[in-house]
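Understanding the architecture of this molecule
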Amino acid sequence: MSIETPDKAISEPIKILHIDDNSGFLDLTKAFLEKELNEIDMTTAVGPTEGLERIEEGAFHCVVSDYEMPKMDGLALLAEVREEYPELPFVLYTGKGSEEIAAKAINAGVTGYFQKGGPEQHRRLANRVKHAAKQYQTQIESERYSTVLRALDYPVYVVNDEAEFEYVSEAFLTLTGYDREEIVGNQPKKVKTDEGVQRANDILAEIVSSDGPDARKFRVDIQRKDGETVPCYDHMAALPFDEEFRGSVGILRDATREQRQRRELIRQNERLEEFTSIVSHDLRTPLSNAKTAATLARSTADESHFDTLEAELERMEQMIDELLTLASEGQAVSDTEPIDVGSLAAEAWEPFGSEQDSLVTPSETVPVDGDESRLRRLLENLLRNAVEHCPSPVAVTLGRTEDGFYVADDGPGIDETHREDVFEFGYTTAEDGTGFGLAIVRRIADAHGWKIAVNESDSGGTRFDVQVTSTTSVSEAHPIVN
């Protein structure tokens, strides 16, 4: 993005309106000023009435007026002009001068007061008009830019030649979390890392070099007052200068959403690769077995092959269902609600527990903020894993930790060298397992922003620890009767 400052943006000529009741003097002054100031656009008006009409018709950067004119003198004309354009420069250039008129003009807020004369007076007039008009033109452009920036609500900053913040917009304060008094007068390291400051300085050196670009965009991390880091793009340019460096101006753009979308795209691509692998490899085995069973059933008329065929089809159906679950559970959780993990685990246990098996949960609640349907599936998969991989009767415990909860069993446990492998899709030690159950568990945990790890339980079995920062410490547990 090219950043253009008001000084740099001014390319149109300054527009001057000269009002006098003497048309000959108007022509003479116009010719002199156009020769003296080649960047002006001069308009003349004979008398105050025509002058007011010209002001209504077009925008001017400065008005030059005679004092003594029929129907309305220069000060009365000034009052009329200031009613509509209070900031418009107004210079009195009169043939009739006196200390009294000069005093009235100054009190009325006239921009300049000159008596008509020869070339030297015209030069003085030209210099005053140029200076006043340029200031007014810059003010107009600045207001336009300020209006645009306020409308766009960009975080804008200006750093002076002493490397201190000279100006920051409201959006900048919102982004950083600081008050204006905490930013203005401080250096960029207030909100940028040392690395970010150095990178900005290096890029600014490129910009101000003779063959450097007008502006540069680069990545920078903004350190908020609350300690949070916000990834941003910094669109920076140097303030216009002739010989002495005046500082820089920049616009920040929050890149958080963009980075989140990039990470999500990477995750989607990873899931696509997983699904491609599963479809091409894992599903091929039961499909091949089903085809073989169908061929044998057809050629031998042995009905036992139909049982094999049905089992393989059911296995494929289960794999497809869990494959679809993998696709949906990887999406980030957006809506959460307070949930008692213990109560939810008791409900999830019903389909798995036998009369010999038991589930133990804390006597107090295990509160987390999460998606109830996804958390239920996480618990179901952990409980099913315990029942399927442990000899009956199995005792399963759900407990509270300082930063989350755990699900443990009293089974044979998992060798330490294979504990991370259990979360890989397709990994299973069961003959009829799909290897998707614990992969789904990790997906659900990741979608909540949680972490899950495999450890050894107190009885030597398997313990899954789910780190959830919103939970509290462990309390006593009690068995649920099945």
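Residues numbered from 1 in each chain as written. Predicted model: local features only at pLDDT ≥ 70, side-chain atom pairs only at ≥ 80, totals over all residues. Heavy atoms only, no water.

1. A look at the overall build of the chain
Our working definition: By the criteria applied, helices consist of DSSP H or I runs no shorter than four residues and strands consist of E runs no shorter than two, each listed in order from the N terminus. In this scheme, a residue with accessible area under 20% of its type's maximum is buried, one over 50% is exposed, and one in between is partly exposed, where area comes from a 1.4 Å probe on protein chains only. Values of accessible area rely on a 1.4 Å probe in the Shrake-Rupley scheme; residue burial ignores everything except the protein chains shown.
Along the backbone of the chain there are 15 helices and 18 strands. Counting every position in the chain, which comprises 482 residues, the buried fraction comes to 41%. Summed over its atoms, the accessible surface of the chain is roughly 26,200 Å², and 47% of this surface lies on carbon and sulfur atoms.

2. Digging into the packing of helix α14 (residues 372-389) against helix α15 (residues 437-448)
Filter applied, for reference: Convention adopted: a line fitted to C-alpha atoms gives each axis, helices being fitted over their contacting stretch, and angles between N-to-C directions are expressed from 0 to 180 degrees. These descriptions rest on fixed angle ranges, namely under 35 degrees for roughly parallel, over 145 for roughly antiparallel, 65 to 115 for roughly perpendicular, and the rest for oblique. The hand of a helix crossing depends on one turn: near helix anticlockwise from the far one by less than a right angle means left-handed, and clockwise means right-handed. Contacts are residue-level and defined by heavy atoms, with any inter-residue pair within 4.5 Å sufficient. Under the convention adopted here, Pro, Cys and the residues Ala, Val, Leu, Ile, Met, Phe, Trp and Tyr are nonpolar, Asp, Glu, Lys and Arg are charged, and Gly plus all remaining residues are polar.
Viewed as axis vectors pointing N to C, α14 and α15 meet at an angle of 150°, and their least axial separation amounts to 9 Å. The pairing of α14 with α15 is recorded here as roughly antiparallel in orientation. Both α14 and α15 take part in a crossing whose hand is left-handed. The segment α14 lies against α15, with R374, L375, R377, L378, N381, L382 and N385 engaging G437, L438, I440, V441, I444, A445, A447 and H448. Of the residues belonging to the contact of α14 with α15, the class tally is 9 nonpolar, 4 polar and 2 charged.

3. With respect to the sheet that holds strand β7 (residues 165-168)
Condition: When DSSP finds two or more bridges between two strands, those strands count as paired.
Read across the open sheet, the 5 strands follow the order β7-β6-β10-β9-β8; overall the sheet is antiparallel. In this open sheet, the two edge strands, each paired with only one partner strand, are β7 and β8 (215-223). Adjacent strand axes in the sheet meet at a mean angle of 25°, parallel and antiparallel pairs treated alike. As paired strands, strand β6 (residues 156-160) and strand β10 (residues 247-254) are joined by 5 bridges and run antiparallel to one another. Residue pairing in the sheet places N160 in a bridge with G247 of β10. Docked against the sheet, helix α9 (residues 194-208) engages β8, β9 (229-238) and β10, running at close to 165° with respect to β8.

4. Re the confidence of the model for the chain
For the record, the criterion: On a scale of 0 to 100, pLDDT captures the predictor's confidence in every residue.
Looking at the chain, the pLDDT average stands at 82 and 84% of residues meet or exceed 70. This stretch, residues 1-10, has a pLDDT under 50; its non-local contacts, to residues over four places away or in other chains, come to 31 contacts. Counted against residues more than four places away or in other chains, residues 470-482, with its pLDDT under 50, gives 42 contacts.

5. Here's the deal with unusual backbone geometry
Look at the link from S392 to P393: it is a cis peptide, with omega at 5°. Mapped onto the secondary structure, P393 falls in the loop between α14 and β14 (395-401). A positive phi angle is found at K71, which is not glycine, with a value near 75°. Here K71 falls in the exposed class, since its relative accessible area comes to 86%. Of note, A301 is a non-glycine position whose phi angle comes to about 60°, a positive value. Position of A301 among the secondary structure elements: in the loop between α11 (284-300) and α12 (304-329).

6. So, the packing of helix α13 (residues 341-349) against α14
Where α13 meets α14, the axes come as close as 9 Å, and the angle between the chain directions of the two elements is 55°. Considered as vectors, α13 and α14 are oriented oblique to each other. Along this stretch, α13 crosses α14, giving a crossing that reads as right-handed. Of α14, the residues touching α13 (which contributes V341, L344, A345, E347, A348 and W349) are E372, L375, R376, L379, E380, L383 and V387.

7. Observations regarding the environment of Q223
How we decide: As used in this structure description, the phrase polar contact means that two N or O atoms lie within 3.5 Å; if the pair is within protein, one of them must be able to donate a hydrogen and the other to accept it, and residues adjacent in sequence are counted only when both atoms belong to side chains.
In this fold, Q223 is placed in strand β8. A relative accessible area of 24% places Q223 in the partly exposed class. Between the alpha carbons of Q223 and V191 there is a distance of 4.9 Å; along the sequence they are 32 residues apart. Those residues in contact with Q223, other than ones at most four positions away along the chain, are Y178, K190, V191, K192, T193, E228 and T229. Among the polar contacts made by the side chain of Q223, one reaches the side chain of T229 at a distance of 3.1 Å.

8. Some thoughts on the sheet that holds strand β4 (residues 90-94)
If you trace the 5 strands from one edge of the open sheet to the other, you get β2-β1-β3-β4-β5, paired in parallel fashion. The open sheet has two edge strands, β2 (40-46) and β5 (112-115), and neither has a second partner. Direction aside, neighbouring strands of the sheet carry axes that sit 20° apart on average. Along the sheet face, helix α2 (residues 23-36) touches β1 (14-20), β2 and β4 and points at about 175° away from the line of β2.

9. A short note on the packing of aromatic side chains
The criterion, for reference: Ring pairs are drawn from Phe, Tyr and Trp, using the six-membered ring of Trp, whenever the two centres fall within 6.5 Å, and their geometry is named by plane angle: stacked under 30 degrees, edge-to-face over 60, tilted for the rest. Here, a charge over a ring means that NZ of Lys or CZ of Arg falls within 6 Å of the ring centre while also lying within 35 degrees of the ring normal.
One pass over the full model with this rule turns up 5 aromatic pairs. Aromatic side chains Y157 and F165 sit 6.0 Å apart centroid to centroid with 90° between the ring planes, which places their arrangement in the edge-to-face category. Between F423 and F464 the ring centres are 6.2 Å apart and the planes differ by 75°, which places this aromatic pair in the edge-to-face class. Of this pair, F423 sits in the loop between β15 (404-409) and α15 while F464 sits in strand β17 (residues 462-467), and the two are 41 residues apart along the sequence. A residue is classified by how much of its surface remains accessible, and F464, at 2% relative accessible area, is buried. Here K116 stacks its cationic end above the ring of F25, 4.2 Å away from the centre of that ring. The ring of Y233 carries the charged tip of K217 above its face, separated from the ring centre by 5.1 Å.

10. Structural notes on the pairing of β9
Of all 10 residues in β9, 9 are buried, a share of seventy percent or more. Bridge analysis of β8 against β9 gives 9 bridges, and the strand direction is antiparallel. The residue bridging V220 from the neighbouring strand is C232, located in β9. Both β9 and β10 contribute to a ladder of 7 bridges, which runs antiparallel. Bridge pairing in β10 places D234 opposite L252.

11. What about a negative patch on the surface?
We count it as follows: Each patch is built from residues lacking any salt bridge and having more than 30% relative accessible area; the joining distance is 9 Å for like charges and 5 Å for nonpolar side chains (Val, Leu, Ile, Met, Phe, Trp, Tyr). The salt bridge definition used is simple: a Lys or Arg side-chain nitrogen within 4 Å of an Asp or Glu carboxyl oxygen. We treat Lys and Arg as the positive residues and Asp and Glu as the negative residues; His and chain ends play no part in the count. Throughout, a charge is located at the NZ atom of Lys, the CZ atom of Arg, the CG atom of Asp or the CD atom of Glu.
The grouping of D302, E303, D307, E310, E314 and E317 at the surface amounts to a negative patch. Here E310 is to be found in helix α12. Judged by its relative accessible area of 45%, E310 falls in the partly exposed class.

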